[in-house]
Amino acid sequence: MVKDKYKIRQARIDDAVRIRELLKTWLPESPYNFGNVNNKKLLDHIIFYIKNSFVIVVEYENVIIGTMAAAVDETWYSDKRFLRSLWLHVNPKYRNFHIFRAMMIVFKEYAESKRLTALCEITQGKDVERKHNAFIKLGYKNIGGTYIING
């Protein structure tokens, strides 16, 4: 993929269905049973986050090939606010470090503009070590993990 042929932009409401269809490709990749997609619930959440939070898309030749969303949240034990990732997905056919890096730069810059610490949580369960290494390469620190049983 030629770098100048893809662009990252803020998502619009009219992107919601295309984002939903892209995100639906995430679930079959997981080695764990996270349940079946509820199309209405997924679309409602995407629209909510486009309206109220941070949602970006990556386009390549006018096709949405990637998306990321995050929301301002706080922990259950303090009032400190964070920018927490909700989803991060790139179509497997287009997946590469350059796209991931570009998305994470936009995420980081947005958090900085809001004076928030950014937390990116990955829960899909596939290629965990590769994803870990990609985050470390970009300067992110590992502060914990997600564990599953009976999945």
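It should be emphasised that the depicted structure is a prediction, and the values quoted were computed from it without experimental measurement. Within every chain, residues take consecutive numbers counted from 1 along the sequence as written. At least 70 in pLDDT is required for a residue's local features to be given in this predicted model, at least 80 for side-chain atom pairs to be given and counted, and no such filter applies to totals for whole chains, interfaces and linings, which use all residues. The basis for every side-chain value is the complete set of heavy atoms in the structure, and neither hydrogens nor water enter the calculation.

Novice: Report on the overall build of the chain, specifying residues and quantitative values.
Specialist: Counting from the N terminus, the helices are DSSP H or I runs at least four residues long and the strands are E runs at least two residues long. Secondary structure assignment for the chain yields four helices and five strands. Secondary structure elements of the chain occur, N-terminal to C-terminal, as β-α-α-β-β-β-α-β-α. With 151 residues in all, the chain has 36% of them scored as buried. Long-range contacts, defined as pairs at least 24 residues apart, comprise 63% of the intrachain contacts of the chain with a sequence gap of at least 6. The Shrake-Rupley method, run with a 1.4 Å probe sphere, supplies the accessible areas, and residue values consider only the shown protein chains as cover. Accessible area for the chain stands at about 9,900 Å²; split by element, carbon and sulfur atoms hold 51% of it. For the exposure calls, accessible area comes from a 1.4 Å probe over protein chains only, and a residue counts as buried if that area is under 20% of its type's maximum, exposed if over 50%, partly exposed in between. Should any heavy atoms of two residues lie within 4.5 Å, those residues are counted as being in contact.

Novice: Explain helix H2 (residues 39–52) to me, and be specific about the residues and the numbers.
Specialist: To estimate the expected span of a helix, count its residues, drop one, and scale the result by 1.5 Å. The end-to-end C-alpha distance of H2, which contains 14 residues, comes to 20 Å, matching closely the 20 Å that a straight helix rising 1.5 Å per residue would cover. Buried residues of H2: Leu 43, Ile 46, Tyr 49 and Ile 50, and no others. Viewed along the axis of H2, the buried residues span an arc of 135°, placing them on a single side of the element. Residues of H2 that are exposed and angled more than 90 degrees away from the buried face: Lys 40 and Lys 51. In this fold, the buried residues of H2 make contact with helix H1 (16–23), strand E2 (54–60), strand E3 (63–74) and strand E4 (81–90). For the purposes of these results, a polar contact is taken to be a pair of N or O atoms within 3.5 Å, where, inside protein, one atom must be able to donate a hydrogen and its partner to accept one; residues adjacent in sequence count only when each atom of the pair is a side-chain atom. N-cap assignment for H2: the residue whose side-chain oxygen lies 3.2 Å from the backbone N of Lys 40 is Asn 38. Arc definition: it is the arc formed by the directions from the helix axis to the C-beta atoms.

Novice: Could you give me a rundown of the pairing of E3, with the residues and numbers involved?
Specialist: Think of it this way: DSSP has to see at least two bridges between two strands before they count as a pair. Of the pairings in the sheet, the one linking E2 to E3 comprises seven bridges and is antiparallel in character. Directly across from Glu 59, in E3, lies its bridge partner Ile 64. Between the end of E2 and the start of E3, which pair antiparallel, lie two residues, with Glu 61 showing a positive phi angle near 50°. Pairing geometry for E3 and E4, over nine bridges, is antiparallel. Residue pairing in the sheet places Asp 73 in a bridge with Phe 82 of E4. Connecting the antiparallel pair E3 and E4 is a turn made up of six residues.

Novice: Before we move on, can you summarise helix H3 (residues 97–113) with the specific residues and values?
Specialist: One turn of an α-helix holds 3.6 residues; hence residues three or four places apart share an orientation. End to end, H3 covers 24 Å across 17 residues, agreeing with the expected 24 Å (1.5 Å per residue, within 8%). Along H3, the residues that are buried comprise Ile 99, Phe 100, Ala 102, Met 103, Met 104, Phe 107 and Ala 111. Two or three places before His 98, at the start of H3, stands the capping residue Asn 96, its side-chain oxygen 2.8 Å from that residue's backbone nitrogen. Directly beyond the C-terminal end of H3, a positive phi value near 55° is found at Arg 115.

Novice: Summarise the sheet that holds strand E1 (residues 6–10); cite the residues concerned and give the values.
Specialist: Read across the sheet, five strands follow the order E1-E2-E3-E4-E5 without closing on themselves; strand pairing throughout is mixed. Edge positions in the open sheet fall to E1 and strand E5 (117–119), since each of these has one partner strand only. Ignoring which end each strand starts from, the neighbouring axes of this sheet average 25° apart. Here H3 sits on the sheet and contacts E1, E2, E3, E4 and E5; the angle it forms with E4, its principal contact strand, is near 160°. For helices, the fitted axis covers only the stretch in contact; all axes are lines through C-alpha atoms, and the angles between them, taken along N-to-C directions, range from 0 to 180 degrees.

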